[in-house]
Amino acid sequence: MRIILMGPPGAGKGTQAKVIANHFGIPAISTGDIFRANVAGKTELGVEAQRYMDAGEYVPDEITNAMVRDRLAQPDAEPGFLLDGYPRTLAQVEELDGMLADGHPVNAVVVLTADSEELIARLLQRAQIEGRADDTEEVIRRRQEVYTEQTAPLIEVYAGRGLVVEIDGMGEIDAVTHRIFDALESQAG
Ligand code: AMP
């Protein structure tokens with residue numbers, strides 16, 4: 001099982017990724033999590049990635065692609081994987097296609113949809129509660145913009161391949177999880 005999970009920042013991708021991956025017994029691979037671990041560990045990759053992340057911009061494709069290539073080569077990704085937050089650019093789609101040219105293509109691209117103004121309001125509130133001083137309104141808005149400009153066009157690419165499963169990402173976490181499983185089942189069936 002090879003699944004891609006897409007959706008704007010704050011739509012709950014990380015939470016759903018873990019539930020879906022757990023259900024299928026595959027690893028949830030989050031590029032955001034890998035970058036954050038590298039930032040925390042002050043690795044070379046982390047130092048390089050942090051300035052982009054802090055500004056709400058994407059880390060350059062060459063860096064991100066190389067990192068994903070390494071991760072997908074790990075033995076636990078052999079039976080399948082769920083990609084959370086990758087690919088995010090058209091260049092990343094091409095690179096991923098090359099990585100998966102082994103006869104096991106992607107089974108489904110789950111797209112969580114959500115209203116961006118509502119997400120911005122939620123993310124601002126979270127930044128305030130958790131005291132994330134660097135999550136300013138400007139950066140939060142920039143992340144949504146970058147998603148719309150660079151990542152939303154990928155939906156059409158995958159839709160052209162008949163892979164897109166669009167899910168309303170608003171509402172209770174469990175309700176969204178149910179919608180995802182129902183849609184994946186009817187897609188498979
Ligand atoms: P996330 O937790 O998935 O929202 O990712 C946090 C940050 O990591 C993003 O805002 C980007 O700066 C960076 N990042 C994560 N995934 C990618 C990717 N596929 N391409 C470029 N940058 C990424």
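For the structure itself, consult the block above.
Residues numbered from 1 in each chain as written. Predicted model: local features only at pLDDT ≥ 70, side-chain atom pairs only at ≥ 80, totals over all residues. Heavy atoms only, no water.

Before we move on, could you go through the packing of helix α6 (residues 116–129) against helix α7 (residues 137–151) and cite the residues and values that matter?
How two helices sit against one another is set out by the angle between their axes and by the gap between those axes. For the pair α6 and α7, interaxial distance at closest approach is 10 Å and the crossing angle is 145°. Considering how the two elements wind past one another, α6 and α7 form a crossing that is right-handed. Contacts between α6 and α7 involve Ser116, Glu117, Leu119, Ile120, Leu123, Leu124 and Ala127 from the former and Glu137, Ile140, Arg141 and Gln144 from the latter. Taken together, the residues that form the contact of α6 with α7 break down as six nonpolar, two polar and three charged. (Axes fitted to C-alpha atoms, helices over the stretch in contact; angles between N-to-C directions. Helix = DSSP H or I, 4+ residues; strand = E, 2+ residues; numbered from the N terminus. Left-handed = near helix turned anticlockwise from the far one by under 90°. Contact = heavy atoms within 4.5 Å. Nonpolar A, V, L, I, M, F, W, Y, C, P; charged D, E, K, R; others polar.)

Any details on helix α4 (residues 61–72)? Residues and values, ideally.
Since the α-helix turns once every 3.6 residues, residues separated by three or four places project in the same direction. The end-to-end C-alpha separation of α4 is 16 Å, in line with the 16 Å expected for 12 residues at 1.5 Å each. Those residues of α4 lying buried are Ile63, Thr64, Asn65, Met67, Val68 and Leu72. Here the buried face of α4 lies against β2 (28–30), α2 (31–40), α3 (44–55), β3 (81–84) and α5 (90–99). (Expected span 1.5 Å × (residues − 1). Buried < 20%, exposed > 50% of the residue type's maximum accessible area, 1.4 Å probe, protein only.)

Kindly report on the packing of aromatic side chains, identifying the contributing residues and their values.
For the structure on display, the rule yields one aromatic pair. Both rings, one in Phe24 and one in Phe181, keep their centres 6.5 Å apart while their planes meet at 65°; by these two values the pair is edge-to-face. Highlighted residues: Phe24 in helix α1 (residues 13–24) and Phe181 in helix α9 (residues 173–188), separated in sequence by 157 residues. The class of Phe24 is partly exposed, set by a relative accessible area of 31%. Residue Phe181 is classed as buried on the basis of its relative accessible area, which comes to 17%. (Phe/Tyr/Trp six-rings, centres within 6.5 Å; stacked < 30°, edge-to-face > 60°.)

Tell me about empty space enclosed by the protein, and please be specific about residues and values.
In this structure the tally under the stated criterion is one cavity of 30 Å³ or more. The calculated volume of the largest cavity comes to roughly 50 Å³. Taken together, Leu5, Met6, Gly7, Pro9, Lys13, Gly85, Tyr86, Pro87, Arg88, Tyr147 and Thr151 make up the lining of the largest cavity. Among the elements of the structure, β1 (2–6) and α7 are those that each provide at least two residues to the lining of the largest cavity. Its residues placed into classes, the lining of the largest cavity shows six nonpolar, three polar and two charged. (1 Å grid on protein atoms, 1.4 Å probe; cavity = no way out; pocket = protein on both sides within 12 Å on 5 of 7 lines; lining within 4 Å. Points joined across faces, edges and corners; volume = space filled by probe spheres on them.)

How would you explain the pattern of salt bridges if you had to name every residue and give the values?
Tallied over the entire structure, the rule returns 15 salt bridges. Residues Arg143 and Asp135 are paired through a salt bridge, measuring 3.5 Å at the closest nitrogen-oxygen approach. Judged by relative accessible area, Arg143 falls into the partly exposed class, the value being 25%. Judged by relative accessible area, which is 17%, Asp135 ranks as buried. Put simply, Glu137 and Arg141 hold a salt bridge, and the shortest N to O gap is 3.0 Å. With Glu137 and Arg141 both in helix α7, this residue pair falls four residues apart, about one helical turn. Here Glu137 falls in the partly exposed class, since its relative accessible area comes to 39%. Connected via shared salt-bridge partners are Glu57, Arg142, Glu145 and Glu149. (Salt bridge = Lys/Arg side-chain N within 4 Å of Asp/Glu carboxyl O.)

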